[in-house]
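Below, each chain spelled out in residue letters.
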Amino acid sequence: MATVVSILRGAMKRLRKFAYSEAERGPARRPRIGLALSGGFARGIAHIGVLRVLQDAQIPIDCIAGTSVGALVAAAYASGVSLEKMEQQAKLTHFNDFGRWTISFMGLATNSRLESYLRRYSAMTTFEEMKTPLVIAATDLNTGEAVHFTQGPLGPALRASCAYPGLFLPVDYQGHTLVDGFLATPVPVQAARQLGAELVIAVHLEPGRADKPRNMIDVIARSFNILQRYAHQDWRDEADVIIEPKVEGLAWDAFERTPEMIAAGAAAARLMLPHIRALLGSEPLLRTADQGA
C-alpha cells in the first residue's frame, strides 16, 4: 500500500511541476508585424483595401512604413484615421489638392500643399503623436541613399517622400536634397525592420500601361517604371509576405476610380491571408500568391 501511495505522490509531483512550468512559460509570443507600403500615385489608394482586409481579419499592425503615396496612407493610418474617412477623402482628391504648377529648372510643380492636405485626415503633425510607430522613406538625391524619418514634423518628410523627380521640386530638409523614396527603397521593408518588425508584409503596386503616353508626366513615370522593372529588387528578398494588387492598368491620376483600386487591394490581401496566418502559426509560408498557385 505504501508503495502505491508513494507512486501516486511522485506522479502528482511530476504533474504539478509540468503544469507550473507550462504556466510560467506562457503562450507563445507572436512576431512584431510591420507593414511596408510602396508608392504609385493614385494607385496607392489600393493600400486602403489591403488595410481593410487585415483589419477585418484581426491581423495586428505594430508598425508601418511608407514610400511616396504609401507614406501618406501610412501616416493617416498611424494617426488613427478610419479607413472609411481615407476612402471618402481619396474619392475627392485632385492633383491641385497637393500639387501646384510652377516655373523652375528643378521640376514642373511643387508639392508644398501636401502638408495642408494631410491635415484633412488628421490634426496630428509630428511622428511623436502617432498611435502606431511610423517611418517615412525618401531618397537623398546627392548620395542616392535612402533616408528614413521617424522623428519631428510629418510635413517635410512626407513632401520629400512624395517628391517625384522631374514632376515635383526636390525638398531640402535636414541637410539633404530629397526626392521620392521609390528611387532608393521602392517598398520600405528595411525601414519597417528599423522599427523592430520581425514579420514584414510588403505591398507593391506594379505600374505599367500599354496605351500611348498622354503627356510629359506619363513619359517620365513610365521611364522610371521601366528602370525599376529591370533593376534587382532587394526588398523582395527581405519581405516575409508580398501583396501585389492588380492596378497596373490604372493611370497615375485616376482618383475617380477609387472604389476599383480599393477592391483590387482587398482582393490581393485576401489571397494572401492564409499565408499570413500560416506564418503566424509557425507553419510553412509561401511568399507570394504566384508561388502559391
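Predicted model only: the values in this text are computed from it and were never measured.

A. Layout of the sheet that holds strand 4 (residues 107-110). Read from one edge to the other, the open sheet built from 3 strands follows the order 3-4-7, with strand pairing classed as mixed. Strands with a single pairing partner mark the edges of an open sheet, and in this sheet they are strand 3 (100-101) and strand 7 (166-168). Sheet topology places strand 4 next to strand 7; 2 bridges connect them, and they run parallel. Looking across to strand 7, one finds that Gly107 is bridged to Gly166.

B. Structural context of the side chain of Arg43. Within the secondary structure layout, Arg43 lies in the loop between strand 1 (33-37) and helix 2 (46-56). Using a relative accessible area of 8% as the deciding quantity, one classes Arg43 as buried. Once residues lying within four places of it in the same chain are set aside, the contact partners of Arg43 are Leu205, Pro207, Val247, Leu250, Ala251, Trp252 and Met261.

C. Highlighting unusual backbone geometry. Phi is positive for Gln58, which is not a glycine, with a value near 60°. Tracing the chain through its elements places Gln58 in the loop between helix 2 and strand 2 (63-67).

D. Quick look at the packing of helix 2 against helix 4 (residues 83-92). At a minimum axis separation of 10 Å, helix 2 and helix 4 run at an interaxial angle of 165°. Here helix 2 is positioned roughly antiparallel relative to helix 4, judged by the angle of their axes. Here the hand of the crossing between helix 2 and helix 4 comes out left-handed. Note on element contacts: helix 4 touches helix 2 through Leu83, Glu84, Met86 and Glu87, opposite Ile48, Leu51, Arg52 and Gln55. Classifying every residue of the contact of helix 2 with helix 4 by side-chain character gives 4 nonpolar, 1 polar and 3 charged.

E. Main features of the confidence of the model for the protein chain. With 82% of its residues at a pLDDT of 70 or more, the protein chain shows a mean pLDDT of 84. For the stretch residues 4-9, pLDDT sits under 50, and the model shows 0 contacts to residues farther than four places along the chain or on other chains. Overall, residues 282-293 carries pLDDT values under 50, and its contacts beyond four positions in sequence, including any with other chains, amount to 23 contacts.

F. View of the environment of Leu92. Of note, Leu92 is situated in helix 4. Take Leu92: its relative accessible area is 57%, and that puts it in the exposed class. Here the alpha-carbon distance between Leu92 and Phe255, two residues 163 residues apart in the chain, equals 7.7 Å.

G. Expanded view of the pattern of salt bridges. Evaluation of the coordinates by the stated rule reveals 8 salt bridges. A salt bridge links Arg52 to Glu87, with the nearest nitrogen and oxygen atoms 3.1 Å apart. Of this pair, Arg52 sits in helix 2 while Glu87 sits in helix 4, and the two are 35 residues apart along the sequence. Judged by its relative accessible area of 23%, Arg52 falls in the partly exposed class. A relative accessible area of 16% means that Glu87 is categorised as buried. Across the salt bridge formed by Glu244 and Arg236, the nearest N and O atoms sit 2.7 Å from each other. A relative accessible area of 25% places Arg236 in the partly exposed class. Through salt bridges with shared partners, a single network forms among Arg52, Glu87 and Lys91.

Rules used in this analysis
- Residues numbered from 1 in each chain as written.
- Predicted model: local features only at pLDDT ≥ 70, side-chain atom pairs only at ≥ 80, totals over all residues.
- Heavy atoms only, no water.
- Pairing = 2+ DSSP bridges.
- Helix = DSSP H or I, 4+ residues; strand = E, 2+ residues; numbered from the N terminus.
- Buried < 20%, exposed > 50% of the residue type's maximum accessible area, 1.4 Å probe, protein only.
- Contact = heavy atoms within 4.5 Å.
- Axes fitted to C-alpha atoms, helices over the stretch in contact; angles between N-to-C directions.
- Parallel < 35°, antiparallel > 145°, perpendicular 65-115°, else oblique.
- Left-handed = near helix turned anticlockwise from the far one by under 90°.
- Nonpolar A, V, L, I, M, F, W, Y, C, P; charged D, E, K, R; others polar.
- pLDDT = per-residue confidence, 0-100.
- Salt bridge = Lys/Arg side-chain N within 4 Å of Asp/Glu carboxyl O.

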